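Inside the fold
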Amino acid sequence: QRLASADSNMYGRKGYQLVKDFASGEKGQLKLFNNKLFEETVEECVQNHYLIQSLIRKMQQEGLDVQNNRNADHYGALIHHLSLIRNKRCLMAYVYNRAEIVRDLAWRVGLELVELPSEIQEKLTKEENEYFKNHSVAIKSYMGKVGMELNVDMVPPKDPYIKVRVLDDIDKEILMGDKTSNFPRHSMHFLKRTDAEPFIARVSFFFIIHPYNWKGLNQ
């Protein structure tokens, strides 16, 4: 009955749709994890596996050499096998490429951030959130052991200070260097680049102003 219910579209189509869904997003940005399509791809893999086993059993019952026989059942099993492999590769590509973005978040948003902002968390699975935390902890531990900051610019900046403008209210004090500071809305500050950049990358409430470009202050 299950064999008869298989349709002609079950040849890696779900896996293709899953990868296409990921590729349709903005580069470097995560979309909401597509649980429905992911589970449908897994189910398609299960169906392919079931049909492969059914065709092999059919050949065995007919007394045919499964390894050397080249009848319709053999090629049918081969098609389902290739479809299964394709879907599995698509599933792994989907998970791996999302994991790459999650790893990148640790560098762009900040290794010291224990939890991601809620608007990012809601796009991740529970496992991806845990992966972010574990990756951040591992990198911080490694940097502590080697005594080197790895999440800074590879090319030293010409000026260690930058001018910033606060675009929105910040409810709590922020630790900058060895002291806490208040950042009221629309205020301007002259800060160390290494202190300011993690917060600029994290929540985007700062507007970077080039030391010689004051045009942004009036906007």
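Residues numbered from 1 in each chain as written. Predicted model: local features only at pLDDT ≥ 70, side-chain atom pairs only at ≥ 80, totals over all residues. Heavy atoms only, no water.

The chain carries the name GINS subunit domain-containing protein in an unreviewed UniProt entry, which gives Thlaspi arvense as its organism. Under Sequence similarities (unreviewed entry), UniProt gives the following word-for-word description of the chain: "Belongs to the GINS1/PSF1 family." (UniProt positions renumbered as here; feature names shortened; annotations may be inferred.)

On to helix 2 (residues 13-23). Turning to helix 2, its buried residues are Gly15, Leu18 and Asp21. Take helix 2 and look down its axis: the buried residues cluster within an arc of 120°, on one side only. Of the exposed residues in helix 2, the ones pointing more than 90 degrees away from its buried face are Lys20 and Ala23. (Buried < 20%, exposed > 50% of the residue type's maximum accessible area, 1.4 Å probe, protein only. Helix = DSSP H or I, 4+ residues; strand = E, 2+ residues; numbered from the N terminus. Arc of directions from axis to C-beta.)

On to a nonpolar patch on the surface, then. On the surface, Trp107, Tyr142, Val146, Met148 and Leu150 cluster together into a nonpolar patch covering about 460 Å² of accessible area. For Tyr142, a relative accessible area of 47% corresponds to the partly exposed category. (Patch = residues over 30% accessible without salt bridge, like charges linked within 9 Å, V, L, I, M, F, W, Y side chains within 5 Å. Areas by Shrake-Rupley, 256 points an atom, 1.4 Å probe, with all protein chains shown as cover. Salt bridge = Lys/Arg side-chain N within 4 Å of Asp/Glu carboxyl O.)

Okay, the side chain of Thr41 next. Inspection of the secondary structure assignment puts Thr41 in helix 3 (residues 35-61). The class for Thr41 is buried, based on a relative accessible area of 0%. Once you skip the residues sitting within four places of it in the chain, Thr41 turns out to touch Lys14, Gly15, Leu18, Asn87 and Leu91. (Contact = heavy atoms within 4.5 Å.)

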